[in-house]
Amino acid sequence: MLRSLISGISGLKSFQKQMDVIGNNIANVNTTGFKSSKISFADNLSQKVGSSGGGEYVNQIGLGVDAANILNKWNDGGYKRTDAPQDLAISGNGFFVVSDPNSGEQYVTRAGEFIVDKDGYLSTPSGQRVQGFNNMDLDTVGDLRIDVQEKPEGAAADAAIKSFAIGNDGKINLFLSDGTNYTRGQVLLQDVKSPGTLTKEGNNLFGNWKNAGPLDWNVDPGVPGAGGVGQVASGMVELSNVELANEFSSMITTQRAYQASARVISTSDEMLQELVNLKR
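What counts, and at which threshold
Residues numbered from 1 in each chain as written. Predicted model: local features only at pLDDT ≥ 70, side-chain atom pairs only at ≥ 80, totals over all residues. Heavy atoms only, no water. Helix = DSSP H or I, 4+ residues; strand = E, 2+ residues; numbered from the N terminus. Rg over C-alpha atoms; globule rule 2.2 N^0.38 Å. Buried < 20%, exposed > 50% of the residue type's maximum accessible area, 1.4 Å probe, protein only. Contact = heavy atoms within 4.5 Å. Salt bridge = Lys/Arg side-chain N within 4 Å of Asp/Glu carboxyl O. Axes fitted to C-alpha atoms, helices over the stretch in contact; angles between N-to-C directions. Parallel < 35°, antiparallel > 145°, perpendicular 65-115°, else oblique. Left-handed = near helix turned anticlockwise from the far one by under 90°. Nonpolar A, V, L, I, M, F, W, Y, C, P; charged D, E, K, R; others polar. Phe/Tyr/Trp six-rings, centres within 6.5 Å; stacked < 30°, edge-to-face > 60°. Expected span 1.5 Å × (residues − 1). Core = buried A, V, L, I, M, F, W, Y, C linked by side-chain atoms within 4.5 Å.

**Brief notes about the overall build of the protein chain**
Line of reasoning, step 1. Regarding its fold elements, the protein chain presents two helices and 20 strands.
Line of reasoning, step 2. Relative to the globule expectation of 19 Å for 280 residues, the C-alpha radius of gyration of the protein chain, 27 Å, shows a markedly less compact shape.
Line of reasoning, step 3. Projected onto the principal axes, the alpha-carbon positions of the protein chain cover approximately 100 × 35 × 30 Å.
Line of reasoning, step 4. For the protein chain, with 280 residues in total, the buried portion stands at 37%.
Line of reasoning, step 5. Counted over contacts in the protein chain with a minimum sequence separation of 6, partners at least 24 positions apart contribute 62%.

**Some thoughts on the pattern of salt bridges**
Line of reasoning, step 1. Across all of its chains, the model carries nine salt bridges by this definition.
Line of reasoning, step 2. Where Arg-110 meets Glu-238, a salt bridge forms, and the shortest distance between an N and an O atom there is 2.9 Å. A residue pair is termed long-range when its members are at least 10 positions apart, and Arg-110 in the loop between β8 (106–109) and β9 (115–116) and Glu-238 in strand β20 (residues 236–238) qualify at 128 residues.
Line of reasoning, step 3. On the accessibility criterion, Arg-110 (3% relative accessible area) is buried.
Line of reasoning, step 4. Accessibility expressed as a relative area gives 0% for Glu-238, which makes it buried.

**A few points about the environment of Gly-62**
Line of reasoning, step 1. Checked against the element boundaries, Gly-62 lands in strand β3 (residues 57–62).
Line of reasoning, step 2. Not counting residues up to four positions away in its chain, the partners in contact with Gly-62 are Ser-7, Leu-45 and Ser-46.

**Considerations on the packing of helix α1 (residues 2–27) against helix α2 (residues 244–276)**
Line of reasoning, step 1. Where α1 contacts α2, the axes come no closer than 9 Å and their chain directions differ by 160 degrees. One way to sum up the angle between α1 and α2 is to call them roughly antiparallel. For the pair α1 and α2, the crossing hand works out as left-handed.
Line of reasoning, step 2. Residue composition of the contact of α1 with α2, by class: 16 nonpolar, 11 polar and two charged.

**Things to note about the packing of aromatic side chains**
Line of reasoning, step 1. The final tally for this structure, using the stated rule, is five aromatic pairs.
Line of reasoning, step 2. With 5.6 Å between their ring centres and 65 degrees between their planes, Phe-15 and Phe-41 make a pair best called edge-to-face. Of this pair, Phe-15 sits in helix α1 while Phe-41 sits in strand β1 (residues 37–43), and the two are 26 residues apart along the sequence.
Line of reasoning, step 3. Taking relative accessible area as the criterion, Phe-15 reaches 17% and is therefore assigned buried.
Line of reasoning, step 4. A ring pair is formed by Trp-74 and Phe-206, whose centres lie 5.2 Å apart and whose planes are at 55 degrees; its orientation type is tilted.

**Comments concerning α1**
Line of reasoning, step 1. Across its 26 residues, α1 extends 38 Å between first and last C-alpha, which sits within 8% of the 38 Å expected from 1.5 Å per residue.
Line of reasoning, step 2. Listed as buried for α1 are Leu-5, Gly-8, Ser-10, Gly-11, Leu-12, Ser-14, Phe-15, Gln-18, Val-21, Ile-22 and Asn-25.

**A look at unusual backbone geometry**
Line of reasoning, step 1. Positive phi values are uncommon outside glycine, yet Leu-138 reaches one of about 55 degrees.
Line of reasoning, step 2. For Leu-138, a relative accessible area of 22% gives the class partly exposed.
Line of reasoning, step 3. Of note in the backbone geometry, Asn-208 takes a positive phi value of approximately 60 degrees without being a glycine.
Line of reasoning, step 4. With respect to the helices and strands, the residue Asn-208 is situated in the loop between β18 (205–207) and β19 (231–234).

**Things to note about the nonpolar core**
Line of reasoning, step 1. Ranked by size, the top nonpolar core spans 23 residues in total, and within it Phe-96 and Val-187 carry the most contacts.
Line of reasoning, step 2. Among the secondary structure elements, those contributing two or more residues to this core are β6 (88–91), β7 (95–99), β13 (161–166), β14 (171–176) and β15 (181–187).
Line of reasoning, step 3. Ranked by residues supplied to this core, first place goes to β14 with three residues.
Line of reasoning, step 4. Beyond its immediate chain neighbours, meaning those up to four positions away, Val-187 contacts Leu-88, Phe-96, Leu-122, Val-130, Gln-131, Leu-144, Asp-169, Gly-170, Ile-172 and Pro-224.
Line of reasoning, step 5. Listed in part, the 11 residues of the second largest apolar core include Phe-95, Val-97, Phe-206 and Trp-209.

**Here we look at α2**
Line of reasoning, step 1. Taking 1.5 Å per residue as the helical rise, α2 with its 33 residues ought to reach 48 Å, and the 48 Å between its terminal C-alpha atoms agrees with that figure.
Line of reasoning, step 2. Listing the buried residues of α2 in full gives Glu-247, Thr-254, Ala-257, Ser-261 and Ser-268.
Line of reasoning, step 3. Tucked inside the fold, the buried residues of α2 contact α1.

In structure tokens, the structure reads:
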């Protein structure tokens, strides 16, 4: 009898975790670049209660269920056009790499809803700076900047930025007031062999990526459209990959499974009550 109580309690705990995952997915249905999660279950240990067939077969009773894994779904979300030149989306594999200017800690993200801060750095809304080739020769990796501190020969000394554009290959092209245009830098992408190792750090950022089998930028610098990474689309952002229809259907089955586990507990309790009442 106690085994059924334990199994019912394990069901309540596991299905509560599943509901927590579903709730978080639905809450982030409009979060830029959000990757939804899924939960998988595994049975707990089973207890041997004897054998049959002359010892050939082992009789076991399971002790319930456990939430084995909570993993992210890495399929692409939809795309939304913003027409803002600093907004970027990745078509295919890869992540943007961003760095915290205060701590130096680096993260990866699929959310390309960037801004140009007061110092000209291409950054996330929370202040992390996008990484890539930050010079005209495209050979030095660092914080990307939209500025005219580095100009090509022939550009006027007082030329200012008129506009800029980022190509599918990640190159940042500046157009100056004197009619000059040139490549100021290039957005680079990172990819990992084991995305399940990534940890969500909030603000659409993923941490622990250096332990997930990343590209070695000294060998393969992650140029968009090459080396197995996707292309960059400017003026667009990637939306959440949450499928509301799937989440609501999962919510219904999770609720019913939770109710069934609760019924197991209440039925076991009634049977124990009958046992206690055998002698009055």
